[in-house]
Each structure stands twice: as C-alpha cells, then as structure tokens.
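# Residue-level structural notes
In case you want the letters, here they are:
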Amino acid sequence: MGAAKQALRATLGEGSEVSMADDGSNRALPARQAAGLKVLPIVEGLVLIVALVLPLFLKDYLTVFATRVIILALFALSFDLVWGYAGIMSFGQALFFGSAGYGVALLARDLNVTSILLVLPAGTLIGLTTSLLLGGFLLLGRHPSSVIFVALGTLTGSYAADRLARGWYYLGGQNGIPSIPPMTLGSYDLTEGPVYYYFALGILTICYVLCRFLVRSQFGLALAGLRENEPRIAFFGYKTQHLKAIVFAVGGTIAGLAGSLYAFHEGFVWPNMLGVVISTQVVLYVLFGGSGTLIGAVIGAVIIEGVSFWLSDNYREIWPIILGVLLLLVILFRPLGLISFVLGERERVGSFGARAREKRHAAP
Amino acid sequence: MPLLEAAGIGKVYGKLTALDGASLTVEENEFHGLIGPNGSGKSTLMKCVAGAEVPTSGKVSFVNRDITALSPTERARAGMSLKFQITSVLPTLTLYDNILLALQAQSSLFDLVFSRTRGALHDQVMTMLSQFRLADRAHDAAAALSHGQQQWLEIAMALAGKPRLLLLDEPTGGMSLEERRVTGELLQPIKQHCSLVIVEHDLDFIRDICDRLTVLDQGRVLASGTVAEIQANKSVQEIYLRRA
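Here the structure is a predicted model, which is why all the values come from computation and not from measurement.

## What to know about the sheet that holds strand β9 (residues 212-217) of chain B
All names here are of chain B. Taken together, six strands build an open sheet; the order of strands is β6-β7-β8-β3-β9-β10 and the sheet is mixed. A single partner strand is all that each edge strand has here, and the edge strands are β6 (80-83) and β10 (220-226). Taken over all neighbouring pairs, the strand axes of this sheet differ in orientation by 15 degrees on average, direction set aside. For β9 and β10, the ladder comprises six bridges, and the chain directions are antiparallel. The residue bridging Thr-214 from the neighbouring strand is Ser-224, located in β10. Along the sheet, helix α1 (residues 42-50) makes contact with β3 (31-35), β6, β7 (165-169), β8 (195-199) and β9, crossing β7 at roughly 150 degrees.

Given below as structure tokens:
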C-alpha cells in the first residue's frame, strides 16, 4: 500500500467526525503532506498579509468595522483554545469577554483610568479571575465533570451575568455604560481608525503566536490526549482536571483582553456582551472556520462577520435566514470547518516529538 | 509484603452482587492470571483494583499503602498502570506521540509548556516502539495500525511510565493465533521490573505466561495457586465443564 493511501486511511480512520463530503477533495491532501509541504503556515501567512494591507484599501467606516472583527477574532481564538484543543464545552465564553468589558468601562467612568498600560492588564486580569473562579467551580470537583455539566454551567454563568447586568442600576441596567472615553497612552487618545486597527492586529498576532506555541508544545500533546480520551490519560498519571482548569483560565484571560479592547473600541458596553448570544456567536465562528486549528477561528470570525455585514446591507429583510442556512450547510457538510478544504487531518493534529520531526525530514 | 493485596472486595450494583468478598494477591515480578466464567466478576475486580470503580466493601493495598479510595491519577503516580479492554490508543496521533504522551505524564507543567523533556524522552520513545516491533511505523497515525498492533501500542503506552504493576484486561482479544504468540513473547521481558495481572479468556495463553492463577466464580474466589495446582483442582475443572 502506498504511503498516500495509508495516510488517507489514517485521515478517514477518525470515523464519525469526518463525513460524506470528505471523500473527494481530501484525496490529494495526504500526498501533498507526505511531500513535507505544510499548509497551515501558508494560510496563516496569507491571512496576516491580507490583514496588514487591508486598511490601505478600506474606507474609514470599514476600517472601524474591520477592527471590530479583529477583536472578535481574538475572542474566537480564546474559545478555540478551550474547545478545539482541550475539548471543554465552554458555552459561556462571553462571560469573561463581557466582565472585562464592564470592568474597564467602570474604571474609565468612575476612576478616570484610561491608560492602556492600566486598563488592558486590568481587563486581562478580570478575564483570568472570573475564568479561574468559574473553572475552579465547574472543573475541579471531586470527580471529573461531564461535558454536559460544563456546557450547562458555563451557559448558565453567562446568562446569569447578562441578567445581573440588566437589573443592576450601577452597571447601567438595560442600557449598559455609554460614552466610555478612549484609551490613552500618555497624552495620545487611541480612537477608532487605522491606529486602533493595527494596535488590535498586533495584540491578536502576539496572542496567536503564544497560543500556537502552547498547542504545539508537549503541553499541546497533553491537550490532544485530554480532548480525545480524558479517562485514558488520567490512568497515565495526568492531572486532567488541573490541565482543563489551566486551559480554561488561559482562554478566559484572552477573552478578557478581547473584551477590554472591544469596550474601548465601541465606546460602550451593554448586557448582551456578557450573554448567551455572543457566547453562541463565538462557537459559530470556530465551527465555521474549523476548530482546533487557531487560524480557523480567525477565518470563521472574519467570514461570518463580513458576510453578515454585507448581507444586512443588501438583503435587509432576510439576511439572518441566509446566514443561518449558510452556517448549517458548512456545519453539516464540513464538520471540521472551512479550513478542512485545504488542511488534512494529519497536519491539523500535528506531531509533537521535536527530534522526530527532524528525522522525518532527513529521510529520503 | 505482597506488591498488591486486594482483600474482601465486594461490589454491588443495585440488586446485582458482582463481587462478594473476592481477594487477589500479587507478588513482585509475578505474572498473575485472573480467570473464570463470563459474569464471574473478573473485570469488576480489575476495575476496583485500577480505580475505575470504587468497591462497596474491602480494601486494596499497593506497595504497603491503602489505595482503595485513590483516584486513577494517584494510582498511576504510585506505580500502577493498565490497559483497557477496549483499545484506547489515540487514533489521530502518531505512534510516536502516543508513546510520548504516556511517557511525559509526570513531567511538570513548566516542562510541558516549554517542551523541556521531549528531547530527553526521544530515546525512550524509540526503545518502547522497537521493543513492541512498531518502530518503522513511528510516524503513522495510530488509526492506521491493525487491531493487534493497536493492542501492542497500548501495552507499550501502559508500560511507558515504568509501572511496578500492570493490569491487562484481555490483551489478546480479537488477535490472530500468531499475534497471540508474539504478545506472549513481548510480555516476557517485562517480568524483570514489573508484575502483571491479566484477565483473559484464552486459557492456553494464560497458562503459557502466568506464574499463578486466581479463579473467580460468581463473585467469589474459587481457587488460587500455581498453574499446576489450578489445573489439578477439581472444582475449577467442574465450573469450566459445567458452563462449556
């Protein structure tokens, strides 16, 4: 049996996840990968280049829109880390996004603190703290918690925070907190526009590189084990619950950073930012783009937001229906997301032995 | 002191009594077979020892320590390892990474995040793979292996952490005769540093590699002793004849 065929069998061996639509287009992939060609860095490079030159071609109001998408992509990244890599169903990721948003909005409104050097660390810290608290509660019980318990627990947390914000006068109730002043660096005001765009893109890139480093490390291998068979790796001696709580907190931290960027970019925060709608939206970004790839989360956020923007302009009445159908089609026929058109299973999972990689390259 | 001592283990599921005061003693460097008819409680006893089930009564000691209530993670860290009845290698990962995953289980978080142990573990990974005749497939996904090879990979993973006791639940299930023979060969060398408890239906296989046997029937120990003693035991012959 040829190497390509074997690799194909490995690709299809995944079973239930890989479905009908895979037969045709994936056939060429393993052969390409056997030749040592990596698809992922190419896709990542292309996305970065497009993102870097984009503002040159965009009108001002579109640059503002693009900035929002970049921040949402950062938020999506946090969810992909938690779900796509560690397999934790965090259906309340907006809780960390929104808490940080509210936190920095209060700092700006009540204490006049707007310095980037203070508000971004503060927002990040809020994300970390809330996710540590919720994660500790949901994941560090006497026995490993079930997937559904975590899914419902996070969903409930997000819903409860939304309701709390709506009912709490201090937080502005239904209206949220409007007119947040811009972030400042010394005497410079960071207002929406190209500068904010590149600032957000810089943060996204840094977080992306850090996440990539993490998921390709030996820690990433432990996460793969966690995702694929948690009870099994507990029998190797892994502290699986701790691992999950750590990843959950890292995800919450990134979501908190995204939430603070979002609050200052939009200039206001409102209860939806904490709630189920945004929590679900981020799940869709990642499903649509392709979970467990990081770049899939970014692509998913860009495409879903871009298409909704365009549709809502052109098909004002029926655009949510069109978007819904589009999402359903992708999720039904491409369960591994859009990225799976170019990315094979073997590369998506990756390999973790450092020296093994060198040896394979040395082989004829 | 024996390496493993499970005494008076009872396990009740609702109205069903799966184990009724069963016991099992395993010495250092001993291969111990656990046999009995279907439903006699072999797998349940194994699970109680491994920590996958908590016994209703009784006590499990391992290396002079009461481990009855310890979690699987703590048992693994104390030196116990197991291979499940259903193969549970990680199909999408390469063979190399499957072994590395098992080997690095006790590395610290810092070492894992900064990948500080993977260089040092490389030789151990390759040694394990060669020992189980899988080295040439190191970079294939585990899903591409035959069923028998997946079982070997899993035994290799279970042995990776250098356990003092390995629990094997039906290691030769679904294997061809040739694969069974090779499995026996592969297990022999580990006797120098590890004890083994095997649950297995293939009595020939058990007889070939085990030093001692424990026979369970209806949740109780019917007999325990060397292979020769068990073969001569009238009541053991009876239950196997009765059910055959």
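## Digging into the packing of helix α9 (residues 194-215) of chain A against helix α11 (residues 240-266) of chain A
Residues and elements named next belong to chain A. Look at α9 against α11: their axes get within 12 Å of each other, and the N-to-C directions meet at 175 degrees. The angle between α9 and α11 falls in the class roughly antiparallel. Touching Tyr-196, Ala-200, Ile-203 and Cys-207 of α9 are Ile-254, Leu-257, Leu-261 and His-265, all from α11. Across the contact of α9 with α11, the residue classes break down as seven nonpolar, one polar and no charged.

## Focus on the nonpolar core
By size, the foremost hydrophobic cluster in this structure holds 172 residues, and its most contacted members are A:Ala73, A:Leu74, A:Ala76, A:Leu77, B:Ile99 and B:Ala156. Once residues lying within four places of it in the same chain are set aside, the contact partners of B:Ala156 are B:Ile99, B:Met128, B:Leu129, B:Gln131 and B:Phe132.

## A short note on the sheet that holds strand β5 (residues 65-66) of chain B
By definition, the strands of a sheet pair up through backbone hydrogen bonds, in either a parallel or an antiparallel sense. Residues and elements named next belong to chain B. Strand order in this open sheet of four strands is β2-β1-β4-β5, and the pairing throughout is antiparallel. In this open sheet, the two strands that pair with only one neighbour each are β2 (16-26) and β5. Relative to β5, strand β4 (residues 57-62) is paired through two bridges, and the arrangement is antiparallel. Bridging across to β5, Phe-62 finds its partner in Arg-65.

Parameters and conventions
- Residues numbered from 1 in each chain as written.
- Chains lettered and ligands numbered in written order.
- Predicted model: local features only at pLDDT ≥ 70, side-chain atom pairs only at ≥ 80, totals over all residues.
- Pairing = 2+ DSSP bridges.
- Helix = DSSP H or I, 4+ residues; strand = E, 2+ residues; numbered from the N terminus.
- Axes fitted to C-alpha atoms, helices over the stretch in contact; angles between N-to-C directions.
- Contact = placed C-beta atoms within 7 Å.
- Parallel < 35°, antiparallel > 145°, perpendicular 65-115°, else oblique.
- Nonpolar A, V, L, I, M, F, W, Y, C, P; charged D, E, K, R; others polar.
- Core = buried A, V, L, I, M, F, W, Y, C linked by C-beta atoms within 7 Å.
- Buried ≥ 20, exposed ≤ 12 C-beta atoms within 10 Å, placed from the backbone.

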